[in-house]
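# Structural features, examined
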Amino acid sequence: MSQMSMEKPWQRWLIRFGVFVAMVILTVPGLWVVLTAFRPNIEVLARPAVWIPQQWTLDNFARLFGQSDAQQGLPVAQYFINSLVISLTSTVIAVVIGMAGGYAFARYRFRGKATLFLAFMLSRTVPGVALSLPLFIIWARLGIIDTSFGLIVVYLAVNIPFTIWLTDGFFRQIPVDLSEAAQIDGCTAWQAFWKIEFPLARSGLASAAIFAFLTSWNEYALASQLTRTTASKTMPVGLMDFTAQFTVDWTGMSAMAVLIIIPALVLTFIVQKHLIAGLTFGGVK
Amino acid sequence: MTTTTEPLSRPGFMEGVAAFFRSPRAVPYLLLLPAMIVILAVVLVPLLVSFWTSFTSYNLTKPATLFNFVGLRNYQRLLGNEDFWWAFGRTFMFVTITLNLEMLLGLGLALLINKITWGQRTLRTIMMFPMMFSPILVGFQFKYIFNDSIGLVNNALFDLGLISQPIPWLVDGTLANFSIIFAEIWMSTSIFAILLLAGLMALPKDPIEAAKVDGCNPLQVFQHITLPFLMPFIYIAMTIRSLDVARAYDMVRIMTNGGPAGRTELIWTLMTRTGYQNSQMGMANAMGYISILLSIAFTVFFFRKLTAARSFMGGAQ
Amino acid sequence: MANKILVRALLASCAVVALSGAAAAQDFDYGSFPDYTLKVKLIGGTQYEKLYTRIPEWEALTGAKVEIVSSKNHFDLDREIKQDIATGQITWCVGSNHTSFAPQYGDLYIDLAEAIPAEELAKYVPGTLKSSMVDGRLVQLPRVTDVSNLYYRKDLYEDPARMEAYKAEFGTDLAPAKTYEELKQQIIFFADPPNLYGTAFAGKDEGMSGRFMEILRANGGDLFDENWNPTFNSPEGVAALNWFKEIYDAGAVPAGTVNYTWDDIGQAMAAGQLAVDLDWPGFAGFYSDPSASKISDVLGFAVSPVGSAGVRGGWSGSHSFSVTEACDNKEAGTSFAVFLTNDESAMMEAEAGNLPTRSKTFDDVINYFNENGKTALAEMFPIWQASLADARTPPLIPQWIEVSNVLWPQLQAAIVGEKTAQEALDKAADDARIILEDAGIL
């Protein structure tokens, strides 16, 4: 970045200070949840406040996995597997279907194109709460309530519009000539796509994938309606296991929250190089 | 697809359809077919069902009422329902305020981070930290953070000696709305920041260098070069966020559930209470339809802006 | 006054002993259902799930298998059951239920009085069983009862400086309040915010409606008259609402209390921030647990106060089990419901500090607590049991939750000063009237 050298030192420090403040605001509320996961309950209530846990404890995690006499564990491992299976499957399928759709919008002229594109976007505006009951009724008739399959299909619909959007912008960046040249060299259209256009679009797909994954991984409103037992319950729905009618087990919930955050964080860190590149190309022009 | 028992004219029609699907004209439709099927099954069909129920007195615990057609009664009642229109207006304000603030803060954040050269990858991950939080978790988190007796914020203010009486964050009309807006902004500013950062990184360097050579000050550079270039990104981010802003429902439900005294009531909280707790699904779906109109208005507004900004950029439509 | 209550409690418990003595001879036949899988929907949450460790015993006893098809907190379970009704998918046999929720479900559940011998039913606390009826049908078997009573901090009530100051100010000795008027006075007296508040109350949802109803009834009013006309905007109602408003305006409760539900109140009391707490029995275990609560050694119990009419509001409700009409083996379902509420099950609930629903258990559990050094809980039980005599549920009509949902936002509006008590209650009464008219009750 050439601009950096042109700034005066005080400006540079001001920027650093600004970044620092922003990072503090973005992380402290979340880190506080992480700290709570390692506290005994009595510290949560303490007054004056206990900022850094004075007694670090893994009890909350032990309770989570039933390694404590006080109460039964929760089927956290099963929730975790459900979440992972549902989020990954729906992400992969949404990216494939969305990519096909995005390619159609980027490469072809056809009747109703603009309307169709807008219709896809608008399908996302329907709030989950408005869909939940009719979806439930239909899913119940089809017998796919409380199955991973049922939830995967719903998440496809949630993620496809955004994937179409990103990939559409992305394929438009890639000159048509490239694929045409490959076809002249004897490739079929299908081969040309996989050998030329797909690799170029990869980071766009990666960014679509991370958004799709995070959305599915964290979704609650629909999952809470359509899942019921360990057969399909996901982690965010599992969080509610900590609320009974009269109490909320906040330390236990925090421990589970940590288990939700870690995989998402790791994945984001790995993919985020592609993410920026993907969004850079994908969005505009 | 069986054609044996179809009337005479049908085989011709079916062949026409078949021929169309074999022709090159069909390729884009075929590519879009899976996406259309999914949206149809998951969004459109349920929407039609709930559209029907909004004209009935459908009560959740009395399945027979699903066929009790009452015409426009639900909508008429809503038109005269003061609480509903307050919730509607508040939702409108909530969406407008949060989207604009998120955009401004996200832009600021992106500009700052773009200036940092060392450790940017880590910074970007930290910046995306709130995106890892499920909205329902954000709700619980801020419910505790803004709790007036054991909350983080009041504890901090006490320890700093800034207050002697706790501040009722989730109770006072203004503060409660501030709190849910703050939580929403915390949750979603990152999405703006990451999209705008992508825009900044795609910013061509030549015009900026040229402008500097011509003696433009940084503010002028920002105003005349950076900002116009970023506009499409801003509208994209706005459109994307306006699409899923209803995610905030999970969070508000946990933090205040519309209270106290309806001071933070949004359409989504009112609707869910009407539908599930009061079992009045027909009425709830009528509210749902009015709220969908609101979302559509926002999205179409930003989408148009986006199209305009794109054509300004000279990109393809 | 106190004597009268004591006499009543004694009479009640004598009657109970006589009944259970007669019935003990005959044991319930749990039947045999080999290879049958019973599908159940149970309330989840840590304090409810301990009982489910008894399920394998029932399986061994009857040869059936139990499949828990759903386990959620009660509000989510309620929503799920309504969805099942909506889709006609009642594929399960036994569901957790609650007296406040039960009237909503219509004829989803069977009348257990027809399925269970009278001598077995006689073993349940009669009043509790009575409030489990909807339209004359016993749709649920109660497992634990909630009734509100006072928890207080002995260290504050026995603090010499405070005792003296109280005596000087009010001319009476500082002791747990006998009337709501006295309670209000003490709440304001103790408050020393931000470190100590007089109390906190559930300020939203059914909790708020229930607390209001309790004082309303204690003042001699009620929510509805016998023809279901809303009457809570009566002078008694205004007085009840002003009770909350006065302690709120005095700053004697945390300002956030209008946004609190039980968990917040429990946390605040356990943290030592409240002087008294009018609450359900389930918190006794929590408050007296030294590892979770700061007030475990200073916890005192007292029966809930009376209102201006000299009676207790006695807001109560019971958690319960119900058997569905659609069940393919109602005998197995009934057997399961009885098993999870029998004497051993009730004992298990009671040992955790909950108020059991079987008459026999009250004496048993007091012995148990005394033998195990849990004197605080042993002390609590007779007090709680006494208040059961006055226990009253919210109106057992399907529209209760809906009425509650128009009531509590108005109560809040009055408490935080947006409306006067009369205006708020009038508005809520109008809305409630519409609901009941639509339902064909009015």
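Residues numbered from 1 in each chain as written. Chains lettered and ligands numbered in written order. Predicted model: local features only at pLDDT ≥ 70, side-chain atom pairs only at ≥ 80, totals over all residues.

## Examining the packing of helix H6 (residues 135-145) of chain B against helix H8 (residues 173-201) of chain B
Residues and elements named next belong to chain B. Our working definition: The convention used is that axes are lines fitted to C-alpha atoms, helices contributing only their stretch in contact, and that angles between N-to-C directions extend from 0 to 180 degrees. Secondary structure elements are defined from DSSP: runs of H or I of at least 4 residues count as helices, runs of E of at least 2 residues count as strands, and each element is numbered from the N terminus. Under this scheme an angle from 65 to 115 degrees is roughly perpendicular, one under 35 degrees roughly parallel, and one over 145 degrees roughly antiparallel; angles in between are oblique. Crossings are sorted by hand: turned counterclockwise from the far helix by less than a right angle, the near helix makes the crossing left-handed, and turned clockwise it makes it right-handed. Each residue is represented by a C-beta atom placed from its backbone, and any two residues with such atoms within 7 Å are regarded as in contact. The nonpolar class holds Ala, Val, Leu, Ile, Met, Phe, Trp, Tyr, Cys and Pro. Asp, Glu, Lys and Arg form the charged class, and all remaining residues, Gly among them, are polar.
In contact at an axis separation of 10 Å, H6 and H8 are set at 135° when each is read in the N-to-C sense. Judged by the inter-axis angle, H6 sits oblique to H8. Regarding H6 and H8, the two cross each other, and that crossing is right-handed. Judged by residue contacts, Pro135, Val138 and Phe142 of H6 engage Ser179, Ala183 and Met187 from H8. In terms of residue class, the contact of H6 with H8 is built from five nonpolar, one polar and no charged.

## Some thoughts on the sheet that holds strand S11 (residues 355-356) of chain C
Residue and element names in this part refer to chain C. To be explicit about the condition: Following DSSP output, two strands are said to pair if at least two bridges run between them.
Judged by pairing direction, the sheet is mixed, and its six strands sit side by side in the order S2-S1-S3-S10-S6-S11 without closing on themselves. Since the sheet does not close on itself, it has two edges, and those belong to strand S2 (65-72) and S11, each with one partner. Most of the contacts of helix H14 (residues 330-339) go to strand S10 (residues 316-323), to which it runs at about 145°, and overall it touches strand S1 (37-43), strand S3 (94-98), strand S6 (141-147) and S10.

## Remarks on the domain arrangement of chain C
Residues and elements named next belong to chain C. Here is the rule we go by: Residue ranges for the domains originate in an automatic or database domain assignment.
Considered domain by domain, chain C is made up of domain 1 (2-147 + 316-386) and domain 2 (149-302). Placing a centre on the C-alpha atoms of domain 1 and another on those of domain 2 gives a separation of 29 Å. Contacts between the two partners involve 14 residues from domain 1, matched on the other side by 11 residues from domain 2. Contributions of two or more residues to the side of domain 1 that touches domain 2 are made by S6 and helix H17 (375-388). Ranked by the residues each element gives to the side of domain 1 that touches domain 2, the list is headed by H17, at six residues.

## What to know about the sheet that holds strand S8 (residues 276-279) of chain C
Residues and elements named next belong to chain C. The strand order across the open sheet formed by three strands is S8-S7-S9, and the pairing between neighbours is antiparallel. Looking at which strands have only one partner, the edges of the open sheet turn out to be S8 and strand S9 (299-302). Between one strand axis and the next, the sheet turns by 25° as a mean value, whatever way the strands run. Sheet topology note: the strand S7 (residues 149-153)/S8 ladder contains four bridges and is antiparallel. Opposite Tyr151, over in S8, you have Asp277 as the bridge partner.

## A word on the packing of helix H4 (residues 82-115) of chain B against helix H10 (residues 218-243) of chain B
Residue and element names in this part refer to chain B. For the pair H4 and H10, the least separation of the axes is 11 Å and the interaxial angle reads 140°. Classified by the interaxial angle, the pair formed by H4 and H10 is oblique. Remark: the crossing between H4 and H10 carries right-handed chirality. Residues Leu99, Glu102 and Met103 of H4 lie in contact with H10, whose contacting residues are Ile234, Ala237, Met238, Arg241 and Ser242. Residue composition of the contact of H4 with H10, grouped by class: five nonpolar, one polar and two charged.

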